[in-house]
Amino acid sequence: MLIDAHCHLQDKQFDIDLDEVIENAQNNGVLAALVNTETYSDFDKLLKMYENHPDFICPCFGVHPIQYDSDQTSRAARISDLEGVYDFLKRHQDATFAVGEIGLDHSPWITHKNQDIIEEMNQVFSDQLQMAAKLSLPVNVHSRSASKKSCEMMTANKVVGVLHAFDGKVSTGLKAANSGFYMSIPPSIVRSKQKQSLAAALPLSNLLLETDSPCLGPVAELSTQWIVKVQPLSKNPLEALETNGCKTNLDYTFVAEPCNVSSKGGFDKEACQAVICSNNVKDDIDIEQTLVHELVHAFDHCRAQVDWDDLRHAACSEIRANNLSGECNFFSLARNSELSDHTSYKNCVSNKAVECLLDLHYIKRAKAHSVVKEVFDSCFNDSAPFND
């Protein structure tokens with residue numbers, strides 16, 4: 001018999017056929033599922049699901065490190081998002097199997113590298129760890145780009161729990177295991193050699209299985225092999241990465257997976273990995289442009305050893321990525337209803353570079369404009385690797 005250590009059956013995607021999903025899971029040997037909330041507004045819905053399926057659903061109540069405003073814009077969690085959480089946990093302690101999904105997400109497109117935002121997110125996590133400790137409950141933890149910090153805070157608060165979809169360093173995973181923490185592995189491991197190597201290096205006694213359903217399934221919504229095969233432009237930066245001594249492979253250099261942010265993609269500088277947000281790209285053109293955009297960042301990271309905290313370096317790479325990806329050509333602007341937003345091709349590249357800087361750095365718009373203008377000409381004229 002199996003237990004799903006982390007999933008989101010309260011997601012609206014299951015509203016129509018939840019009973020059927022649970023029945024299918026049970027028929028295939030799944031005994032129970034730890035279902036995690038992401039927002040306080042999910043709490044009552046999950047509690048009702050538990051009342052209807054007490055032999056299968058194991059509720060985990062918590063506030064995710066990424067939250068959404070009313071216009072569905074993603075942002076880092078704030079202290080105000082915890083209003084009512086502890087009182088709910090106390091009232092329904094008998095129905096609570098863990099505090100989750102809680103944790104940290106220090107991805108730059110979420111924190112904008114702003115220390116105040118990072119510290120408040122850390123405090124939201126710390127407060128929920130303290131709630132768990134007071135109620136003697138385990139935790140179910142999200143730790144993207146912050147696995148070491150997450151483990152340190154769990155240890156400091158003397159809680160036990162699971163690091164879900166663990167993707168940290170082997171050394172961090174081994175330390176987590178020594179501290180008595182568990183790490184859960186999603187089905188997406190079958191399409192990632194990097195994650196397979198990570199799991200193989202960790203103690204089997206500290207590994208659990210999860211689905212993270214409806215995300216991280218065994219079959220990607222977009223196949224990376226298919227993308228490279230049918231999107232020929234992507235070959236240029238991919239081959240250039242190898243020429244410049246960067247290790248590349250289809251399973252790791254870039255990934256295609258659902259994202260809980262509104263962007264079409266991102267670049268993880270620590271892993272030198274391009275990410276395509278499969279739930280946000282619309283068609284082949286979106287895929288092509290997003291892939292080239294992020295692989296230009298990977299090329300710059302390897303070729304020029306970019307200091308991403310240096311605004312001039314970051315602006316230069318954004319100018320190049322927006323120029324070389326084709327996001328500002330007439331057809332792209334027309335299909336996205338953006339023709340009236342820009343006065344010329346160069347103006348479009350400049351404007352998009354500014355917006356990218358604002359997404360990743362907590363700076364004023366005037367500062368972003370100033371930095372982009374300072375480096376624009378030289379960076380706009382640098383078309384490597386397409387001029388090689």
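For the structure itself, consult the block above.
Everything in this summary refers to the structure shown in the same document. (Residues numbered from 1 in each chain as written. Predicted model: local features only at pLDDT ≥ 70, side-chain atom pairs only at ≥ 80, totals over all residues. Heavy atoms only, no water.)

**Considering the environment of E101**
Line of reasoning, step 1. Topologically, E101 is positioned in strand β6 (residues 99-105).
Line of reasoning, step 2. Between the C-alpha atom of E101 and that of V35, which follows or precedes it by 66 residues, the distance is 8.9 Å.
Line of reasoning, step 3. With residues up to four places along the chain from it excluded, the contact list for E101 reads H6, H8, N36, T37, E38, G62, V63, H64, N140, H142 and H164.
Line of reasoning, step 4. Of the polar contacts made by the side chain of E101, one reaches the side chain of H8; its length is 3.1 Å. (Helix = DSSP H or I, 4+ residues; strand = E, 2+ residues; numbered from the N terminus. Contact = heavy atoms within 4.5 Å. Polar contact = N/O pair within 3.5 Å; in protein donor to acceptor, adjacent residues only side chain to side chain.)

**Some words on the packing of aromatic side chains**
Working definition: an aromatic ring pair is given by the centre-to-centre distance plus the angle between the planes.
Line of reasoning, step 1. Overall, the coordinates contain 8 aromatic pairs when judged by the stated rule.
Line of reasoning, step 2. With a centroid separation of 5.3 Å and 55 degrees between ring planes, the pair formed by F43 and F61 is classed as tilted. Here the residue F43 occupies a position in helix α2 (residues 43-52), and F61 occupies one in the loop between β3 (57-60) and β4 (66-68), the gap between them amounting to 18 residues. The same class applies to F43 as to F61, namely buried. (Phe/Tyr/Trp six-rings, centres within 6.5 Å; stacked < 30°, edge-to-face > 60°. Buried < 20%, exposed > 50% of the residue type's maximum accessible area, 1.4 Å probe, protein only.)

**Structural notes on the sheet that holds strand β8 (residues 161-163)**
Line of reasoning, step 1. Taken in spatial order, the 5 strands make up an open sheet running β6-β7-β8-β9-β10, and their pairing is parallel. Of all the strands in the sheet, the pair left with one neighbour each is β6 and β10 (207-209). Pairwise comparison of adjacent strand axes, ignoring direction, gives a mean angle of 30 degrees for this sheet.
Line of reasoning, step 2. Bridge count for strand β7 (residues 139-144) against β8 is 3 bridges, and the pairing is parallel. Bridging across to β8, V141 finds its partner in L163.
Line of reasoning, step 3. Each of β6 and β7 touches helix α5 (residues 115-134); the most contacted strand, β6, lies at about 155 degrees to it. (Pairing = 2+ DSSP bridges. Axes fitted to C-alpha atoms, helices over the stretch in contact; angles between N-to-C directions.)

**Some details on the nonpolar core**
Line of reasoning, step 1. With 57 residues, the main nonpolar core has V139 and M154 as its most contacted residues.
Line of reasoning, step 2. Per-element tally for this core: the top contributor is α5, with 6 residues.
Line of reasoning, step 3. Beyond its immediate chain neighbours, meaning those up to four positions away, V139 contacts A98, V99, I102, L129, A132, M154, V159, V160, G161 and V162.
Line of reasoning, step 4. Core analysis: the second largest hydrophobic core is formed by 30 residues, I276, A315, V354 and V372 among them. (Core = buried A, V, L, I, M, F, W, Y, C linked by side-chain atoms within 4.5 Å.)

**What to know about unusual backbone geometry**
Line of reasoning, step 1. For the bond from G100 to E101, the omega torsion is 5 degrees, close enough to zero to count as cis.
Line of reasoning, step 2. That bond from S213 to P214 is cis: its omega, 15 degrees, falls within 30 degrees of zero.
Line of reasoning, step 3. If you trace the backbone, P214 turns up in the loop between β10 and α9 (224-230).
Line of reasoning, step 4. Within the chain, S145 stands out as a residue other than glycine whose phi angle is a positive 60 degrees.
Line of reasoning, step 5. Within the secondary structure, S145 is located in the loop between β7 and α6 (147-156).
Line of reasoning, step 6. Phi angles above zero are rare outside glycine, and D212 is one such case at about 55 degrees.
Line of reasoning, step 7. Examined against the element boundaries, D212 turns out to sit in the loop between β10 and α9.

**So, a nonpolar patch on the surface**
Line of reasoning, step 1. Residues M1, I3 and L31 make up a contiguous nonpolar surface patch of roughly 350 Å² in combined accessible area.
Line of reasoning, step 2. On the secondary structure map, I3 appears in strand β1 (residues 2-7). (Patch = residues over 30% accessible without salt bridge, like charges linked within 9 Å, V, L, I, M, F, W, Y side chains within 5 Å. Areas by Shrake-Rupley, 256 points an atom, 1.4 Å probe, with all protein chains shown as cover. Salt bridge = Lys/Arg side-chain N within 4 Å of Asp/Glu carboxyl O.)

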